[in-house]
Amino acid sequence: MVRLTHWINVFAMVCMVMSGMGIYNAHPILPFRFPEEMTLGGWLGGSTVWHFAVMWLFVGNGLVYLAFGTASNYLRKRMLTLRLGDLLRDLRLALAFRLRHEAYSYNAIQKAMYLGVLLLGVLMVVSGMVLWKPIQFGLLTALFGGFDFARIVHFAGMAALLGFFVVHIVMVALVPRTLLSMGFGAGHLKRRKEKSDGGAA
Ligand code: HEM
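Residues numbered from 1 in each chain as written. Predicted model: local features only at pLDDT ≥ 70, side-chain atom pairs only at ≥ 80, totals over all residues. Heavy atoms only, no water.

### Focus on the site of the ligand
The full set close to the ligand counts 20 residues, and His51, Met55, Trp132, Arg151 and His154 are the nearest of them. At 2.8 Å, a side-chain N or O of His51 approaches a nitrogen atom of the ligand. Here His154 contributes a side-chain N or O atom positioned 2.8 Å from a nitrogen atom of the ligand. When atoms are counted within 2 Å of each cavity's grid points, the one that captures over half of the ligand is the second largest pocket. For the shell around the ligand, the secondary-structure elements that each account for two or more residues are α1 (2-26), α2 (44-71), α5 (108-132) and α7 (147-174). Of the residues belonging to the shell around the ligand, the class tally is 15 nonpolar, 4 polar and 1 charged. Here the shell around the ligand gathers at least three residues from each of two domains, domain 1 (1-78) and domain 2 (82-122 + 153-201). (Near = heavy atom within 4 Å. Polar contact = N/O pair within 3.5 Å; in protein donor to acceptor, adjacent residues only side chain to side chain. 1 Å grid on protein atoms, 1.4 Å probe; cavity = no way out; pocket = protein on both sides within 12 Å on 5 of 7 lines; lining within 4 Å. Sits in = over half its atoms within 2 Å of the grid points. Helix = DSSP H or I, 4+ residues; strand = E, 2+ residues; numbered from the N terminus. Nonpolar A, V, L, I, M, F, W, Y, C, P; charged D, E, K, R; others polar. Domains from an automatic or database assignment.)

As structure tokens, then:
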């Protein structure tokens, strides 16, 4: 379930980022526009339609992940065991290039990063709801300090997500077997190791 929702999320995120860039380009809040090749939809109307269609997939998939993660205890075991002391220890190990990457448990930096990106996803949904229906979700709009600020939060959230993608992809490139386990499952790696150990014996 984690692998399935992860890959659906990759597709949904790419669509949301590219269509979001298309929406931004129609009325930029910063002094630049994104190159057309980085956008989805071709024009404001097209980008908006993509954004609104894929937001259902993004939110639905996120809810499936959270429901599964809660019911199976996956989230509690894998991420909610984060402790400040462990995080400081693992940061020190990482800076000394001595941090280990295990197949069946996350180190404290991974826990912090994954929890952070989950919260970022929630922020994108909540600020997106304000941009989508600012009158109907009036209380949320007021909590964000108005539509304009929600727009800035939504945009800054995308920038933070892009920052996460870069670090995430660099880490996968440094530990390529993680890509195999996200593709075929950690059990696949274990079986391969057992086979090669058996062969060596
Ligand atoms: C990974 C998730 C998402 C990313 C990266 C993303 C990105 C963006 C970006 C960059 C914009 C343009 C901001 C601007 O300059 O005005 C935008 C607009 C918008 N987004 Fe998202 N978004 C995401 C998720 C969502 C979700 C879940 C919703 C709905 C619940 C949503 C609803 C909207 C709306 C309504 C607009 C403005 C459309 C308009 O002005 O007509 N977004 N998004």
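Additional details are given in the paragraphs that follow.
### Concerning the pattern of salt bridges
In total, this model carries 2 salt bridges according to the counting rule given. The residue Arg89 makes a salt bridge to Asp86 at a minimum N-O spacing of 3.6 Å. Here Arg89 pairs with Asp86, and both are found in helix α4 (residues 84-95), just 3 residues apart, close to one helical turn. For Arg89, a relative accessible area of 41% translates into the label partly exposed. A residue is classified by how much of its surface remains accessible, and Asp86, at 27% relative accessible area, is partly exposed. For Arg89, the salt bridge identified is with Asp90, shortest N-O distance 3.0 Å. Relative accessible area serves as the criterion here: at 4%, Asp90 is assigned to the buried category. Taken together, the shared-partner salt bridges connect Asp86, Arg89 and Asp90 into one network. (Salt bridge = Lys/Arg side-chain N within 4 Å of Asp/Glu carboxyl O. Buried < 20%, exposed > 50% of the residue type's maximum accessible area, 1.4 Å probe, protein only.)

### A short note on the coordination of the iron atom of the ligand
Within the protein, His51 (NE2) and His154 (NE2) serve as the donor atoms for the iron atom of the ligand, at 2.0 to 2.1 Å. Classification of the site at the iron atom of the ligand rests on its 6 donor atoms, whose angles at the metal span 85 to 180°, yielding the label octahedral. A residue pair is termed long-range when its members are at least 10 positions apart, and His51 in helix α2 and His154 in helix α7 qualify at 103 residues. Each member of the pair, His51 as well as His154, carries the same accessibility label: buried. (Donors = N, O, S within 2.8 Å, 3.2 Å for Na, K, Ca; no water. Tetrahedral: all angles 85-135°; square planar, octahedral: opposite > 155°, others 65-115°.)

### Some remarks on the domain arrangement of the protein chain
Here the domain parsing of the protein chain yields domain 1 (1-78) and domain 2 (82-122 + 153-201). Between domain 1 and domain 2, the C-alpha centre-to-centre distance is 21 Å. Here domain 1 packs against domain 2, burying approximately 1400 Å² in sum over the two surfaces, 73% of which is carbon and sulfur. Summed over the shared surface of domain 1 and domain 2, the number is 0 salt bridges. Between domain 1 and domain 2 we count 4 residue pairs in polar contact (both at pLDDT 80 or more) in total. Going through the elements one at a time, α1, α2 and α3 (74-78) are the ones with two or more residues in the side of domain 1 that touches domain 2. Among the elements that make up the side of domain 1 that touches domain 2, the one with the highest residue count is α1 (8 residues). Its residues assigned to classes, the side of domain 1 that touches domain 2 shows 14 nonpolar, 2 polar and 2 charged. (Buried area = accessible area lost by both parts, 1.4 Å probe.)

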